[in-house]
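Residue-level structural notes
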Amino acid sequence: MITKTILACVAACAVAAPAFAADKVELIYSDTVSENDIRTTTLREAFGGCLGDEFEFKSYHGATLFKQGTEMTAMQRGNLDMANLAIFDFYNQIPSTSILGTPFLFRDYEHMRAVYDSDVLDEMLAEIEEKAKVKILAFPYIGARHLGYVGEERIMTPADLDGVKLRMPPGEGWQFVGSAMGASPVPVPFTEVYTALQTGAIDGQDNGFPAVRSMKFDEVINHIGKTAHLIAANEFTISMSKWNSMTEAQQAKVQECADNFEAALDQVTIDQEASLEADMVANGIDVYSPDNAAFQSHVIEVYQNSDYSKDWPAGMIDAIVAVGQ
């Protein structure tokens, strides 16, 4: 009887073992960018394709799974594993992060990448993990943000933005960027910007050339002022609960693939910026350089006199500026 029981157990275990070995780490990801955006293709190839057979990566796009601005809460509640966040998504829980959303903080792409590759932000990243319960795996570059709008005249200085209805993403931090630039900010979800431009609900938006093309904003705007006020990188994140559920080897693989995605999207974005600008000029859009010195001095003064700057860690602005000099 005992022998039969043992044999039955061995047989059952033999059947169960392959099933257990076949279990994969499921990663559910949400993004606001559309299915046809090159960022989606790059994500699936450079991150999803890098993970290997031990993982099952499922990405949802166009805000079809979670609306813009709700992703971090979904991760904190255990309803979502990964997301593409903006720095202002962290503001309410970690106010000091607003420093990274300050216009004209970075000189150019090289400066931005050098800062994120340094140890300057280590304490802030640790605070995000502790308080927001998400881990930032990478900061993939999505392009310098410029003023793209419908109008008769060029916008050259902050004074020219007076009364201009400028779409900014929902959220207090994003709205303040628009105000600091001199505009009247209007919160509009990313997926609704095209229609808002068409109907005149907004006069303009601020996105880089790749996003303008992927969302077809260049069909409904006639000017792009190259302010490059934000050298924009998203926060490629994973919930701490999902991260902590993985083995060290699995964590290392996810981080490796996140780094791979960051490098791939950086290059895609840089290549696109140059080619798309030329293409939009050829298609009749007025692409020009505003008085960016006037914008910079105005914006920095507004931020320094605001409540945002009181949350900035002492000495961090100087430390960021000093990187690469």
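Summarised in this report is the structure supplied together with it. Values in this document were obtained by computation on a predicted structure and should not be read as measured data.

About the cut-offs
- Residues numbered from 1 in each chain as written.
- Predicted model: local features only at pLDDT ≥ 70, side-chain atom pairs only at ≥ 80, totals over all residues.
- Heavy atoms only, no water.
- Disulfide = S-S within 2.5 Å.
- Helix = DSSP H or I, 4+ residues; strand = E, 2+ residues; numbered from the N terminus.
- Buried < 20%, exposed > 50% of the residue type's maximum accessible area, 1.4 Å probe, protein only.
- Axes fitted to C-alpha atoms, helices over the stretch in contact; angles between N-to-C directions.
- Parallel < 35°, antiparallel > 145°, perpendicular 65-115°, else oblique.
- Contact = heavy atoms within 4.5 Å.
- Nonpolar A, V, L, I, M, F, W, Y, C, P; charged D, E, K, R; others polar.
- Pairing = 2+ DSSP bridges.
- Phe/Tyr/Trp six-rings, centres within 6.5 Å; stacked < 30°, edge-to-face > 60°.
- Core = buried A, V, L, I, M, F, W, Y, C linked by side-chain atoms within 4.5 Å.

The next subject is the state of the cysteines. One pass over the full model with this rule turns up one disulfide. Note that Cys 50 is cross-linked by a disulfide to Cys 257, the S-S spacing being 2.1 Å. The S-S bond linking Cys 50 to Cys 257 shows a torsion near -80°; that makes this disulfide left-handed. Of this pair, Cys 50 sits in helix H2 (residues 38-51) while Cys 257 sits in helix H10 (residues 248-282), placing them 207 residues apart in sequence. For the pair Cys 50 and Cys 257, a shared accessibility class is recorded, and that class is buried.

Okay, the packing of helix H4 (residues 109-117) against H10 next. Orientation of H4 relative to H10, taken along the N-to-C sense of each, is 170°, at an axis distance of 13 Å. On the basis of the axis angle, H4 is roughly antiparallel to H10. On the side of H4, the interface is formed by Tyr 109, Arg 113 and Asp 117, while H10 contributes Glu 262, Asp 266 and Ile 270. Looking at side-chain class alone, the contact of H4 with H10 contains two nonpolar, no polar and four charged residues.

Okay, the pairing of strand S10 (residues 235-239) next. Across the five residues of S10, five count as buried, placing the element largely inside the fold. Burial of the side chains of S10 extends over both faces: Glu 235, Thr 237 and Ser 239 are buried on one face and Phe 236 and Ile 238 on the other. For strand S4 (residues 134-138) and S10, the ladder comprises four bridges, and the chain directions are antiparallel. Its bridge partner being in S10, Ile 136 is matched across the sheet by Thr 237.

What follows covers the packing of aromatic side chains. A full pass over the atoms with the stated rule returns 15 aromatic pairs. A ring pair is formed by Phe 47 and Phe 57, whose centres lie 5.1 Å apart and whose planes are at 80°; its orientation type is edge-to-face. You can see Phe 47 sitting in helix H2 and its partner Phe 57 sitting in strand S2 (residues 55-60), a full ten residues away along the chain. The exposure class assigned to Phe 47 is buried, which follows from its relative accessible area of 0%. The exposure class of Phe 57 is buried, given its relative accessible area of 17%.

The next subject is the nonpolar core. Judged by nonpolar contacts, the single largest core of 57 residues is most densely connected at Phe 90, Leu 100 and Phe 106. Looking at this core, the element that brings in the most residues is helix H6 (residues 172-181), giving five residues. Apart from the residues within four sequence positions on either side, Leu 100 is in contact with Ile 87, Leu 105, Phe 106, Tyr 116, Leu 121, Met 124 and Ile 320. Residues Ala 46, Met 82, Val 254 and Cys 257 belong to the second largest nonpolar core, which totals 25 residues.

Glancing now at the environment of Pro 158. Summarising the element assignment, Pro 158 is placed in the loop between strand S5 (141-149) and strand S6 (165-168). Owing to a relative accessible area of 10%, Pro 158 belongs among the buried residues under this scheme. Placed 88 residues apart in sequence, Pro 158 and Thr 70 show a C-alpha to C-alpha distance of 31 Å. Residues in contact with Pro 158, not counting those within four places in the same chain, are Met 181, Gly 182, Ala 294, Phe 295 and His 298.

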